[in-house]
Amino acid sequence: MKKRLIIFIALLIILGCGAYFALVAAHSYYPREYEDLVTEYSNYYGLEENLVYAVIKTESNFRASAVSRADAHGLMQLTEDTLWWLIFKEGSNADLNRADLLDPRVNIRYGCYMLSLMLEEFGQEETALAAYNAGRGRVNGWLEDPALSEDGKTLDKIPYDETANYVKKVERAKKFYELLY
């Protein structure tokens, strides 16, 4: 009896350690870096923090110095043209440029602003994410196409594989963030 109890306790310890290390590994794969900035700007723009983390994870994997083939910069992968549009949209006279997009504070602020505008314009998270990735003009065109949207508000199909995969990746990452935190 004593031997079985010792084996049982040992198994519980092994399982507990395995679960702990799995959780640590999951947290390292889905980090919450730049927590102060994400909290500040997601609250300011009325966004779910887990959505912002999911976008950052998908866009740059938390590399502030990331630059894409499309010349998008930083954590949330914004182009200089998008930055200027956002500054104009907010009515600011901020003197920012491409190099400033590598500053996490600037990038997260304007990335959250962009995401909030897309959610406001399109109303649905998946459509807003498609617009964040492919551009709002392109998504508006897709919404006008009955083969892609029956109601003109919801994308039934995303015709670009890259954008369709992007939306799936962000949504999957968001679910992991919701489970882990």
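Please refer to the structure higher up on the page.
What comes next is a walk through the structure. Here the structure is a predicted model, which is why all the values come from computation and not from measurement. (Residues numbered from 1 in each chain as written. Predicted model: local features only at pLDDT ≥ 70, side-chain atom pairs only at ≥ 80, totals over all residues. Heavy atoms only, no water.)

As for helix α7 (residues 136-144)
- All of the buried residues in α7 are Val139, Trp142 and Leu143. An end-on view of α7 places all buried positions within 100° of arc, on one side of the element. Along α7, the residues that are exposed and aim more than 90 degrees away from the buried face are Gly137 and Glu144.
- On the buried face of α7, the contacting elements are α5 (104-122), α6 (125-134) and α8 (161-180). (Buried < 20%, exposed > 50% of the residue type's maximum accessible area, 1.4 Å probe, protein only. Helix = DSSP H or I, 4+ residues; strand = E, 2+ residues; numbered from the N terminus. Arc of directions from axis to C-beta. Contact = heavy atoms within 4.5 Å.)

A short note on unusual backbone geometry
- Positive phi, close to 60°, is recorded for Tyr34, a residue that is not glycine.
- Look at Tyr34 and you get partly exposed, because its relative accessible area is 28%.
- The phi dihedral of Asp71 is positive, around 65°, even though this residue is not glycine.
- Within the fold, Asp71 resides in the loop between α3 (49-60) and α4 (80-90).

Focus: the nonpolar core
- In this structure, Val55 and Tyr110 are the most contacted members of the largest nonpolar core, which totals 51 residues.
- Elements supplying a minimum of two residues to this core: α2 (35-44), α3, α4, α5, α6, α7 and α8.
- The greatest single-element share of this core, amounting to 10 residues, is contributed by α5.
- Excluding residues within four positions of it along the chain, Val55 makes contact with Met76, Leu115, Leu129, Tyr132, Tyr166 and Val170. (Core = buried A, V, L, I, M, F, W, Y, C linked by side-chain atoms within 4.5 Å.)

Here we look at the packing of aromatic side chains
- Scanning the entire structure with this criterion turns up eight aromatic pairs.
- Put simply, the rings of Tyr30, Tyr53, Phe62, Phe176, Tyr177 and Tyr181 pair up and form one aromatic cluster.
- Over the ring of Tyr181 we find Arg32, and its NZ or CZ is 4.8 Å from the ring centre.
- The aromatic ring of Tyr30 is capped on one face by Lys57, whose charged end is 5.4 Å from the ring centroid. (Phe/Tyr/Trp six-rings, centres within 6.5 Å; stacked < 30°, edge-to-face > 60°. Lys NZ or Arg CZ within 6 Å of the ring centre and 35° of its normal.)

Here's the deal with the packing of α3 against α6
- Viewed as axis vectors pointing N to C, α3 and α6 meet at an angle of 35°, and their least axial separation amounts to 13 Å. Here α3 runs over α6; the crossing is right-handed. Contacts between α3 and α6 involve Leu51, Val55 and Glu59 from the former and Glu125, Leu129 and Tyr132 from the latter. (Axes fitted to C-alpha atoms, helices over the stretch in contact; angles between N-to-C directions. Left-handed = near helix turned anticlockwise from the far one by under 90°.)

Structural notes on α8
- Here α8 contains 20 residues, and its C-alpha end-to-end distance of 28 Å stays within 8% of the 28 Å for a straight helix at 1.5 Å per residue.
- The set of residues buried in α8 consists of Thr163, Ala164, Tyr166, Val167, Val170, Glu171, Ala173, Lys174, Tyr177 and Leu180. (Expected span 1.5 Å × (residues − 1).)

A word on the side chain of Ser116
- The topology assignment puts Ser116 in helix α5.
- In this structure Ser116 comes out as buried when scored by relative accessible area, which is 12%.
- Here Ser116 is in contact with Tyr45 and Leu47, once residues within four sequence places are set aside.

Quick word on the environment of Arg63
- Position of Arg63 relative to the elements: it lies in the loop between α3 and α4.
- Distance from Arg63 to His73, taken between C-alpha atoms, is 9.8 Å for residues 10 residues apart in sequence.
- Discounting residues that sit within four places of it in the chain, Arg63 has contacts with Gly74 and Leu75.

Observations regarding the pattern of salt bridges
- Taken as a whole and assessed by the stated rule, the structure comprises 10 salt bridges.
- Linking Glu121 and Arg136 is a salt bridge whose minimum nitrogen-to-oxygen distance equals 2.8 Å. One end of the pair, Glu121, is in helix α5; the other, Arg136, is in helix α7, and 15 residues separate them in sequence.
- A residue is classified by how much of its surface remains accessible, and Glu121, at 34% relative accessible area, is partly exposed.
- Take Arg136: its relative accessible area is 35%, and that puts it in the partly exposed class. (Salt bridge = Lys/Arg side-chain N within 4 Å of Asp/Glu carboxyl O.)

Any functional reading would require information that these geometric values do not contain.
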